Amino acid sequence: MSETFVPATSNRSVLNKDIFILAIESSCDDTAAAVLHNDKVLSNVVANQEIHRAYGGVVPELASRAHQQNIVPVVDQALQRANIDKNQLSAIAFTQGPGLMGSLLVGTSFAKSLSLGLNIPLINVHHMHAHILAHFIQDPEQKIPDFPFIALTISGGHTQIVLVSDYFDMQVLGETIDDAVGEAYDKSAKMLGLPYPGGPLIDRYAKDGDPEAFAFPKPKVEPLNFSFSGLKTAILYFLEQQQAKDPDFIAHRMNDICASIQKTIVDYLMEKLENAVAQTGVKRIAIGGGVSANSGIRAALAQSESDKGWQTYVPKFAYCTDNAAMIGIVGYLKFLEGHQANHSVAAKSRLSF
Ligand code: KG4
Ligand code: ZN
């Protein structure tokens with residue numbers, strides 16, 4: 001057993017006190033640390049690993065090595081920026097999984113050692129819970145959804161629709177059966193000769209293109225599931241055909257190609273959300289994960305407020321892509337509930353929801 005339960009009453013008594021959580025996130029290629037004072041973020045530090053650019057994607061072994069180099073300075077900076085001494089900390093929260101094993105191990109080992117050294121509770125956090133619960137960070141730049149709501153988590157590793165009934169009462173309604181949406185963006189970008197991660201670049205080129213210029217097929221799967229591998233193949237064949245006629249097709253039509261890819265993906269995500277609303281009757285929609293930085297999905301959600309009567313929630317940019325503040329808010333909520341890990345807790349590359 002890797003999690004213990006401290007009776008809620010013992011921790012509820014601290015509700016009115018100052019709780020300081022140090023949070024650590026190292027599930028993929030960003031080394032991140034944050035300090036929260038209750039549900040407010042005091043510092044949120046992310047070290048991006050530029051090394052993967054040269055390889056066109058994340059290289060797990062290099063990611064793990066870079067986490068080892070980054071973790072001490074990143075945590076140190078988070079404490080300094082928060083103006084907090086480590087002896088003031090109430091607990092350490094860390095990402096247990098899912099993610100790349102070599103990456104998770106660095107954050108997990110660091111968090112365990114520090115919690116033992118300081119003799120304070122250790123709190124294990126599910127990365128995907130964190131993308132969803134990031135909405136509960138108190139911040140003037142974002143609003144907090146009421147329960148129940150539908151969460152669409154869209155990142156480089158995940159694409160899920162989740163019915164969220166309470167902080168820790170969540171049900172996965174659908175997910176991708178192959179690639180994640182961020183992967184679809186990044187792989188399409190690679191075919192267009194753009195560097196990794198290409199999602200933000202497609203988004204940027206799309207702004208000056210015609211979204212109706214080219215049509216790509218939308219894969220048919222279960223109403224709340226997703227599939228993106230067919231889109232990748234369709235784009236590959238399309239580019240090959242067009243380049244046979246015009247070798248400089250990509251350079252000539254970059255904006256239109258990107259706008260058309262973006263429209264296909266955004267329409268597909270919106271269709272799935274419509275299906276989820278029809279199935280559950282819940283019209284509160286919250287998005288999370290790196291792809292929620294995308295301007296197309298943000299615009300479509302804003303439009304749905306007047307067109308469909310939905311209430312939509314988009315996190316502040318810094319809480320969309322991988323960050324430790326989102327791990328910290330889950331740590332805080334679990335701390336209040338009395339949930340903490342014991343020191344036999346292990347990193348898990350696959351961790352059930
Ligand atoms: O959540 P995240 O930082 O890391 C994972 O857990 O995967 O998400 C990273 C993903 C990448 O695939 C990146 O291309 C994508 O988010 N992304 C975007 C945009 N910004 C980041 N995709 C499309 N449009 C964007 N503006
Ligand atoms: Zn993520």
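Since the structure is predicted, the reported quantities are computational estimates derived from the model, not experimental observations.

1. Re the site of ligand 1
In the vicinity of ligand 1, 19 residues are found, and the nearest of them are G156, D186, D203, G290 and N294. At a separation of 3.0 Å, a nitrogen atom of ligand 1 approaches a polar side-chain atom of D203. Notes on ligand 1: free accessible area 550 Å², of which the protein chains cover 89%. Tallied by class, the residues present in the shell around ligand 1 amount to 5 nonpolar, 11 polar and 3 charged.

2. Section: the nonpolar core
Of all hydrophobic cores here, the largest spans 47 residues; its most connected members are I150, L192, F228 and L269. Those elements that provide at least two residues to this core are strand 7 (149-154), strand 8 (159-166), helix 5 (181-191), helix 6 (199-206), helix 7 (229-245), helix 8 (249-280), strand 10 (284-288) and helix 9 (295-307). For this core, the element with the highest residue contribution is helix 8, accounting for 15 residues. With 34 residues, the next largest nonpolar core counts A32, A93, A130 and V164 among its residues.

3. Considerations on unusual backbone geometry
Note that the residue after F147, namely P148, is joined by a cis bond; omega there is -10°. Its place among the elements puts P148 in the loop between helix 4 (127-133) and strand 7. The omega torsion of the bond from Y196 to P197 falls at -10°, within 30 degrees of zero and hence cis. On the secondary structure map, P197 appears in the loop between helix 5 and helix 6. The backbone of N38 shows a phi angle near 50°, a positive value even though the residue is not glycine.

4. Observations concerning the domain arrangement of the protein chain
Under the domain assignment used here, the protein chain contains domain 1 (3-136 + 321-341) and domain 2 (149-314). Listed per partner, the contact involves 18 residues of domain 1 and 21 residues of domain 2. Of the roughly 1700 Å² buried between domain 1 and domain 2, counting both surfaces, carbon and sulfur atoms make up 78%. Of all residues in domain 1, M128, I132 and H135 bury the most surface against domain 2, accounting for 34% of the area lost on that side. Across the domain 1-domain 2 interface, the total number found is 0 salt bridges.

5. Observations concerning the coordination of the zinc ion (ligand 2)
Protein ligation of the zinc ion (ligand 2) involves H127 (NE2), H131 (NE2) and D322 (OD), the donor distances falling in the range 2.0 to 2.2 Å. Given 4 donor atoms and angles of 92 to 151° at the metal, the environment of the zinc ion (ligand 2) is assigned as irregular. Read in sequence order, the donor residues for the zinc ion (ligand 2) give the motif H-x3-H-x190-D. Taken as a pair, H127 and H131 lie in helix 4 at a separation of 4 residues, close to a single helical turn. In this structure H127 comes out as buried when scored by relative accessible area, which is 4%.

6. With respect to the pairing of strand 10
Along strand 10, 5 of the 5 residues are buried, which leaves the element largely enclosed by surrounding structure. Covered by surrounding structure in strand 10 are R284, A286 and G288 together with I285 and I287, the residues of both alternating faces. In this sheet, strand 10 lies alongside strand 7 in parallel orientation, the contact comprising 4 bridges. Across the sheet, A151 pairs through a bridge with A286, a residue of strand 10. The pairing of strand 10 with strand 11 (residues 311-313) spans 3 bridges and is classified as parallel. Note on strand 11: the bridge partner recorded for A286 is Y313. Each parallel crossover has a hand, and for strand 10 linked through helix 9 to strand 11 it is right-handed.

7. Some remarks on the sheet that holds strand 8
The strand order across the open sheet formed by 5 strands is 9-8-7-10-11, and the pairing between neighbours is mixed. For this open sheet the edge positions go to strand 9 (169-175) and strand 11, each flanked by a neighbour on one side alone. The mean angle between the axes of side-by-side strands here comes to 25°, regardless of whether they run parallel or antiparallel. Contacting strand 10 and strand 11, helix 9 runs over the sheet at an angle of about 155° to strand 11.

So, how was this worked out
Here, residues in each chain are numbered from 1, in the same order as that chain's written sequence. Numbering of ligands from 1 and lettering of chains from A proceed in the order in which they are written. This being a predicted model, a pLDDT of at least 70 is required before a residue's local features are given, and a value of 80 or more before pairs of side-chain atoms are given or counted; all residues contribute to the totals for chains, interfaces and linings. For side-chain calculations, the full set of non-hydrogen atoms in the structure is used, while hydrogens and water are omitted. If a single non-hydrogen atom of a residue is within 4 Å of a molecule or strand, that residue counts as near it. In protein, a polar contact requires one atom able to donate a hydrogen and another able to accept it; more generally it is a pair of N or O atoms within 3.5 Å, and residues adjacent in sequence count only if both atoms are side-chain atoms. Method for areas: the Shrake-Rupley scheme with a 1.4 Å probe, in which residue coverage is limited to the protein chains shown. Only Asp, Glu, Lys and Arg are considered charged in this grouping, and only Ala, Val, Leu, Ile, Met, Phe, Trp, Tyr, Cys and Pro are considered nonpolar; every other residue, Gly among them, is considered polar. Joining through side-chain atoms within 4.5 Å is the link that ties buried Ala, Val, Leu, Ile, Met, Phe, Trp, Tyr and Cys residues into a set, and such a set is a nonpolar core. Exposure classes here rest on a 1.4 Å probe applied to the protein chains alone. A residue is buried below 20% of its type maximum, exposed above 50%, and partly exposed in between. What counts as a helix is a DSSP run of H or I of at least four residues, what counts as a strand is a run of E of at least two, and both are numbered from the N terminus. Per the annotation, domain bounds derive from an automatic or database assignment of domains. Residues are treated as being in contact if the distance between any of their heavy atoms lies within 4.5 Å. By buried area we mean the combined loss of accessible area, with a 1.4 Å probe, across both parts when two parts are placed together. Just to be clear on terms, a salt bridge is a Lys or Arg side-chain nitrogen sitting within 4 Å of an Asp or Glu carboxyl oxygen. With water excluded from the atoms, a metal site may look incomplete; its donors are any N, O or S atoms within 2.8 Å, or within 3.2 Å for Na, K and Ca. Sites are called tetrahedral only when four donors show all angles between 85 and 135 degrees, square planar or octahedral only when four or six donors show opposite pairs over 155 degrees and all other angles between 65 and 115, and irregular in any remaining case. Pairing between strands requires that DSSP locate at least two bridges from one strand to the other. Throughout, right-handed denotes a crossover for which the path from the first strand over the helix to the second runs clockwise when the strands point away from the viewer. To define axes, lines are fitted to C-alpha atoms, for helices over the stretch in contact only, and angles between the resulting N-to-C directions are given on a 0 to 180 degree scale.

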